[in-house]
Amino acid sequence: MQTPGACQHLRRRLALPAALMTVLLSGCGGNDDPIFREINEEIKVDLKRLDMNRDALYPGESTRLEWRSSGALLFDAQLYLSDDETLSSDDRRLVDEECGVEHDDHCSALREVTFHCRYESDNDFTCREDGDVLQRNNLTDYFPQLPFTGYLILEICGDRNCDTRREPITFY
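Note that this is a predicted model, so its numbers are computed, not measured.

### Some remarks on the environment of Arg166
Thought 1: As for its position among the elements, Arg166 is in strand β10 (residues 162–171).
Thought 2: Arg166 gets classed as partly exposed once you look at its relative accessible area, which sits at 33%.
Thought 3: Residues Arg166 and Leu152 lie 14 residues apart in sequence; the distance between their C-alpha atoms is 5.6 Å.
Thought 4: Excluding residues that lie within four positions of it along the chain, Arg166 makes contacts with Leu50, Glu85, Tyr151, Leu152 and Ile153.
Thought 5: There is a polar contact of 2.7 Å between the side chain of Arg166 and the backbone oxygen of Glu85.
Thought 6: Here the side chain of Arg166 touches Thr164 through a polar contact of 3.4 Å, side chain to side chain.

### Description of the pattern of salt bridges
Side chains carrying opposite charge are able to pair once their charged atoms draw close together.
Thought 1: The tally for this structure, following the rule as stated, stands at nine salt bridges.
Thought 2: Between Asp141 and Arg92 there is a salt bridge whose closest N-O contact spans 2.8 Å. Taken as a pair, Asp141 in the loop between β8 (132–138) and β9 (148–157) and Arg92 in strand β5 (residues 92–99) lie far apart in primary sequence, 49 residues in all.
Thought 3: For Glu120, the salt bridge goes to Arg118, with nearest N and O atoms at 2.6 Å.
Thought 4: Judged by relative accessible area, which is 30%, Glu120 ranks as partly exposed.

Conventions we followed
- Residues numbered from 1 in each chain as written.
- Predicted model: local features only at pLDDT ≥ 70, side-chain atom pairs only at ≥ 80, totals over all residues.
- Heavy atoms only, no water.
- Helix = DSSP H or I, 4+ residues; strand = E, 2+ residues; numbered from the N terminus.
- Buried < 20%, exposed > 50% of the residue type's maximum accessible area, 1.4 Å probe, protein only.
- Contact = heavy atoms within 4.5 Å.
- Polar contact = N/O pair within 3.5 Å; in protein donor to acceptor, adjacent residues only side chain to side chain.
- Salt bridge = Lys/Arg side-chain N within 4 Å of Asp/Glu carboxyl O.

Put into structure tokens, the structure is as follows:
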């Protein structure tokens, strides 16, 4: 019978070969390869960090959200606006992206990801990545009043797990 420490050691020893196999398989068939998808199902997604360059936005200003993940190479990334630190059904989804390893994927576990989001005077909030519009949102009906203080919450989800990070923000 193996001890918990031995199991952890075995998992760590297998993690690197599994990651290398995943990278090699991604070159063969990328996101659509069934073997790649099956291997990816067993890998836990981990949101390593989320950094935002400003915590207040006036109309006409932008913020840059930089984040990095590890683990799963196929996952969903969703950015929400919330009035508190906890995700709920009342929160507004601002971005919903499928992330992977294909050359045209907007987000990837293989590199730093940056969302550039701009707030306009008509309460439009538009996020872009690599110059492409990810999603436009009109927040007028979400704001009870201005200024509005809340949180931008990034959630990434693999097949069997999710990880979140949050940053405070005030809209004026």
